Structure formats: structure tokens, C-alpha cells
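Coordinates in review
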Amino acid sequence: MIRISKALSEGEKTATASRKEEVKKGLERLGIPCDLDQVPNIAVLGAGGAVRAMISLYGTLVELKKFNFLDCVMYLGGVSGSTWCLSTLYKNEDWAENIEALEKQQCEKLAKGQWDFEKAMKALIEAAEDECYSLTDFWSYFLIHGMLNQLDESELSTHRRSCENGKNPYPIYTAVDKETYQKQNAGTWFEFTPHEAGIPGLGAYVDIKHLGSIFENGKLTEEGKEKNLCYLQGLWGSALGSEEQLCETVRDALMDFLKQDRTGDSSSSPPNQDEDDKKLSLLFKAYLSVLELQLYKPSDRSGSDKHFDELQNSLKSHISQKTYELLRSIHQSWFSADAETRKKGSLKLCQALDMDLGGFTRHFHSVLHNVLRKTYSCLMNWTWGSTRNFLYHSCEVSFPDLTSKPVVSLIDAGLAINAAYPPLLRPQRQVKLILSFDFSAGDPFLTIRKAAEYCEAHGIPFPEIDERELQDVDNPLDCYIFRGEHAPTIIHCPLFNRVNCTDKIAEYRDQFSTFKMKYSEEDIEKLLTAAKKNVVNIQHKIVEEIKRTVCFPSQAT
């Protein structure tokens, strides 16, 4: 059930073979005739940046299609918000031919659509029953769903037809191991395609339908339900801000979650419902106060004392003497304790509160309590992307850091490198030219630097980056071209630059921050215009680099 090989999957081979015929026709439309066996693999990379990246990639793809460039692309690689664009497009088998209409539909949905609270509740409650529940579940069904105004319950495997018909480029989505992304190793990067999920650095893959199923020693022991796209969108795109911002966002969404009608499916309201409501609300407020204590800096004694006093006053008549004494003890040692001790004390307190206040008359309240309890535990432990490890106890892979763990934590790849360079640069994919669209709102050269460092550390051919070209962080050009012998050529295109934004780069960066979750029609149009101008302004350079790649293939091998 596990495939141990550096070779491409059979599904990808089939898809790219079909696509090569179409790419040849696309090159001919550009006036670049080419024999089929000489057709170069061209990739487009969409960087991360939440909804900003999603909208920008739509605009970029529309313009690439207008100039016949999209027809020449073999691979599309996405990170974070760009994956939201790609995973939405591939529901349509001929999306590349209809990209303009699909862009319009999606942008209308972003600006005017409404999310389905009941649908989100149902998905979250089901997810909380799984032992591998994490903040990614809550983030996906409440935050991603709310931002995109859609909860896509279809599966990535259903996109195979959209790849194998040759009409569209082959998509590659990415995530990284939460434990190793800061010091990347061979097991850090995970890739996801409609055919497989796996670890390209180790050459270990599993059918995408079995991602999250239970494996041991390379064998499937318990088949699980395939992860839906809404969950994967949350897995791929979760690094929208600082840890504190994310924590506060999840906390606020939890408050909305608990405001919903708690009568469940019954039209009657039993006498015990009011008591259940009170207990659940009390638990929520207590959890919230404990979480706030974790967010306060140890030096902020007045703020922490205030929360401890509120906790003691609100809980005194509702909890056991043992729990009350535990609360007082934690308060007394709070300011002298280290972070780990404070976290352990907070978790112990939450467990004691569950014992005292848990136990509800109505099943629906018990279900809500389970979601609340698990989500707060994940917040305290900062648990994201818990995924059953298909390499657990595998004898075929010598990598103890992974094979020893039954569960891995996968997070937004943008935290490592904000573009999908590692999987796209697998030698088996033979990519010769990369059009990299950098949608970041910060340093426009950070991604290309990180990619160069990663490739140098892992012996992957990469063009030399001249640091002298990367100095104007606040006023970049619209296009930088990096070439090298025996390495792919890279066209690096910052979204906000001196050409399409003139002297208003700082204004654009501020208006379209990564943590901006809601976009008006005016916002969307302004952002689309900037993204489209980028392609229009560099169209001749793209043509020249495609010609160079076709005519001088040996320079990029």
C-alpha cells in the first residue's frame, strides 16, 4: 500500500504525457515549434499569502491564458493561499479554458457569499470524534470556510480526471512537518497531488485516498475516510499571522461556535437545558480565562492577577474545594514558574474543571463540550495538522525521526519557504523554467533566498542568486530573471512592485495584509488589476525565456 520510490507515480506519468501534447500545441501558438520529445517542462509557482494570494493567482492565471502562456505550463505548484485557488479550479475538468469565467464566479463568492454555520458545525462535531483532532479541523471548518464562503466536502482524488485529460497543468500542493520546518531535513516537505501524498525527500508515498488511514510496517491496518478539500485547504493554509493572532482568531471563532442554538434537534426545551447551558457557558469562560493567562506576558502581573481573581470569583461556588485550592496554588506559583510549568498547570486545571462541571443531561451539550474541551487542549499544546503517519514502523525507510511516530503534525509550507520549490525541483519532474509569482506583502526576496539556501543544502541544482539584485526590498522591480548552467531558469515576479503599484507599494502591502480575511468587490478588483498588470508588463520577457529554454535545453538540465 506504500510506494517507496523516487519515481513519479503512474497517475502523474499518465497526466503529464497527455499534457505534453497540449503544451506542444501551446508552444506552436507562440511561434515556437518543438518536437514532442523536446517539449520542456515549465512550472508556475503561486506563493502563499492567504486570500490575497488566492485572488492574485486567479488574476495571474487569467492573464497567462490570454497570452497563451498557460497552455505551455506542465506543473502548477501552490503554497498556502495559492492552494485555495488551485483546489477550487480543479473541480472543473476544463478550467484552463474557462479560467476567466471561473475567476468571476469565485470573486463574487468571496465578496457576496455566505458561509453555512450548520454545515460547519456538523463537520466540526464529526472531526472532534477522531483521535487526531487538531486546530486544523477547527481552522478549516470555521475560518477557511468563513473566508472562502464555501465548505468543499469533495476529495482531492476526484480531481484526477482534470489532470489526466491533458487540458490542465498538473497540480502540486504542499505542507511541512511542524517539528522540523525550521531545520529542514529529508522528511520535512510533504506533497499532495490528486494521485498521491508523500515525502519527496524520502521517496515515500501513499495513495491520496489513504492519507490519514492507519498504517504499520507499510501495511494498511485500518482504512479511514479520505480527507475532504476544506480540511486540506486548512492544512495547506494555516500560517496567516503570528501565533498570538492565530490564537485570538480561533478563540473568537469559538465564541461564535458556542452562541448557536443549543436546543439540538428537539423542539421542546427540557428543564435541565438551562442548567446545561449555564455549566457549558461557565466552562467556556473558565477555559477562556486560562487561555488569556497563557497569552499574557509573565511581566504583566496586573493583567494575570485580574484573570486569576475573576476565575476564583466566578468558579468558587461551582467547583470542588480541591479544584479551588489547585487554582490558588497555580496563581501563587505563576510568576516564578517557567512557560512549560505554567502550561502543565493550566492543562491540569482544565481537567479538574471538566471533572467538576462536565456531565450534561442533554447529548447535544456533551457533544459541544467535547469540541470545546478538545479545541482548548489543542490551543494550549499548539496542536496542528495531526495526521496518521503512513511510515509508522516502516522497515523500508531508514528515517527514525519519522518512522517512530504514529502521528505527524503538518502545517503551512509557507513557514519554511513561501513557494513550492522543493517538490517542483524533484529531478524526475525535469522542470526547465519556473515562473514564480511572489504574492508576499513583506520582503519580496525572502522566498527566493530561502529556496536557494534549501537547494544548496540538499544538493539540488539552482541558479546563482546575485544579492546585488535583491537590495531594493521596499521598491522592487516587476521581474528578476535567474539563469544557471544545469539548473532551471527562474522568473521571479513580486506582486507589489514599482511598475504596477508605482509609488504606492507600502499602501498596497498595508491594505492587503495576510490577515485580511474579508474582501469587498473594490478590494478584489484592485488586487486583480495589480496581479494582471504583472503578467502584461513582462509578457515579452516570458516569451524570450520560453524560446531560450526550447532552443538551449542543455543550459537547464
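The shown structure was predicted, so the numbers you read here are calculated from the model rather than taken from an experiment. (Residues numbered from 1 in each chain as written. Predicted model: local features only at pLDDT ≥ 70, side-chain atom pairs only at ≥ 80, totals over all residues. Heavy atoms only, no water.)

What about the pattern of salt bridges?
Using the following cut-off: By convention in these notes, a salt bridge is any Lys or Arg side-chain nitrogen within 4 Å of a carboxyl oxygen on Asp or Glu. Every helix listed is a DSSP run of H or I at least four residues long, and every strand listed is a run of E at least two residues long, numbered separately from the N terminus. Each residue is placed in one exposure class: buried if its accessible area under a 1.4 Å probe, protein chains only, is under 20% of its type's maximum, exposed if it is over 50%, and partly exposed if it falls in between.
Under the counting rule described, the total for this entry stands at 34 salt bridges. Here Arg160 makes a salt bridge to Asp207, at a shortest N to O gap of 3.0 Å. Separated by 47 residues along the polypeptide, Arg160 in helix α7 (residues 160-164) and Asp207 in strand β7 (residues 204-207) bring together distant segments of the chain. In this structure Asp207 comes out as partly exposed when scored by relative accessible area, which is 27%. We note a salt bridge from Lys343 to Glu340, for which the minimum N-O separation is 3.9 Å. Here the residue Lys343 and the residue Glu340 both occupy positions in helix α13 (residues 339-357), the gap between them amounting to 3 residues, near one helical turn. Of the residues examined, Glu340 reaches a relative accessible area of 41% and is grouped as partly exposed. Sharing partners across several salt bridges, the network here consists of Glu12, Glu191, Arg426 and Arg429.

A short note on unusual backbone geometry
Trans is the common state for peptide bonds, and a negative phi is the common state for residues other than glycine. Despite not being glycine, Trp382 shows a phi value in the positive range, around 50°. Along the chain, Trp382 falls in the loop between α14 (363-381) and β10 (386-388). Positive phi values are uncommon outside glycine, yet Gln430 reaches one of about 50°. When you line up the elements, Gln430 lands in the loop between α16 (421-424) and β12 (431-438).

Here we look at the pairing of β12
Selection rule: Strand pairing is assigned whenever DSSP identifies at least 2 bridges connecting the two strands.
Among the 8 residues that make up β12, 8 are buried, leaving the element largely enclosed by the rest of the structure. As judged from the 6 bridges shared by strand β2 (residues 41-46) and β12, these two strands associate in the parallel manner. Among the inter-strand pairings, Ala43 is bridged to a residue of β12, identified as Ile434. Relative to strand β14 (residues 489-494), β12 runs parallel, the two being bridged by 6 bridges. Counted as the bridge partner of Leu433 is Thr489 from β14.

A short note on the side chain of Asn497
Note the threshold: Distance and chemistry together define a polar contact, namely a pair of N or O atoms within 3.5 Å, with one atom able to donate a hydrogen and the other to accept it when in protein, and with adjacent residues in sequence counting only for side-chain atoms on both sides.
If you trace the backbone, Asn497 turns up in the loop between β14 and α18 (505-511). In terms of polar contacts, Asn497 uses its side chain to reach the backbone carbonyl oxygen of Leu495, at 3.5 Å.

Observations regarding the packing of aromatic side chains
Condition: Stacked, tilted and edge-to-face pairs are distinguished by plane angle, under 30 degrees for stacked and over 60 for edge-to-face with tilted covering the rest, among Phe, Tyr and Trp rings (Trp via its six-membered ring) whose centres lie within 6.5 Å.
Enumeration over the complete set of coordinates arrives at 20 aromatic pairs. With a centroid separation of 6.4 Å and an interplanar angle of 70°, the aromatic rings of Phe284 and Tyr376 are classed as edge-to-face. Of this pair, Phe284 sits in helix α10 (residues 272-295) while Tyr376 sits in helix α14, and the two are 92 residues apart along the sequence. For the pair Phe284 and Tyr376, a shared accessibility class is recorded, and that class is buried. Seen from their ring centres, Phe308 and Trp334 are 5.4 Å apart, and the 75° between their planes marks the pair as edge-to-face. With Phe308 in helix α11 (residues 301-315) and Trp334 in the loop between α12 (321-333) and α13, this residue pair connects regions lying 26 residues apart in the sequence. Exposure class is identical for Phe308 and Trp334. Each is buried.

Some words on helix α9 (residues 243-259)
What counts, and what does not: Given the number of residues in a helix, its expected span is that number minus one, multiplied by 1.5 Å.
Its 17 residues place the ends of α9 25 Å apart at the C-alpha level, agreeing with the 24 Å of an ideal helix rising 1.5 Å per residue. Of all the residues in α9, the buried ones are Leu246, Cys247, Thr249, Val250, Arg251, Ala253, Leu254, Phe257 and Leu258.

Things to note about the nonpolar core
Operational definition: We call a set of buried residues a nonpolar core when its members are Ala, Val, Leu, Ile, Met, Phe, Trp, Tyr or Cys and they connect through side-chain atoms within 4.5 Å of each other.
With 187 residues, the main nonpolar core has Leu61, Phe192 and Tyr421 as its most contacted residues. The greatest single-element share of this core, amounting to 11 residues, is contributed by helix α19 (residues 521-551).

A look at the confidence of the model for the protein
Just so we agree on the cut-off: Per-residue confidence from the predictor is reported as pLDDT, a score between 0 and 100. Residues are treated as being in contact if the distance between any of their heavy atoms lies within 4.5 Å.
For the protein, per-residue confidence averages 92 on the pLDDT scale, and residues scoring 70 or more make up 96% of the total. Low pLDDT (under 50) marks residues 262-268, which in the prediction has 15 contacts with non-local residues, meaning those over four places away or in another chain.

Describing the packing of helix α4 (residues 99-112) against α19
Let me state the cut-off plainly: Axis definition: a line fitted to C-alpha atoms, limited for helices to the stretch in contact. Angles are taken between N-to-C directions and run from 0 to 180 degrees. Note on convention: the crossing is left-handed when the near helix lies turned anticlockwise from the far helix by less than a right angle, right-handed when the turn is clockwise. The nonpolar class holds Ala, Val, Leu, Ile, Met, Phe, Trp, Tyr, Cys and Pro. Asp, Glu, Lys and Arg form the charged class, and all remaining residues, Gly among them, are polar.
At a minimum axis separation of 9 Å, α4 and α19 run at an interaxial angle of 145°. Between α4 and α19 lies a crossing whose hand is right-handed. Touching Glu103, Cys107, Leu110, Ala111 and Lys112 of α4 are Glu521, Ile524, Leu528 and Lys532, all from α19. Taken together, the residues of the contact of α4 with α19 break down into 5 nonpolar, no polar and 4 charged.

Observations concerning the side chain of Arg342
Relative to the helices and strands, Arg342 resides in helix α13. A polar contact of 2.6 Å, which involves the side chain of Arg342, links it to the backbone oxygen of Ala337.

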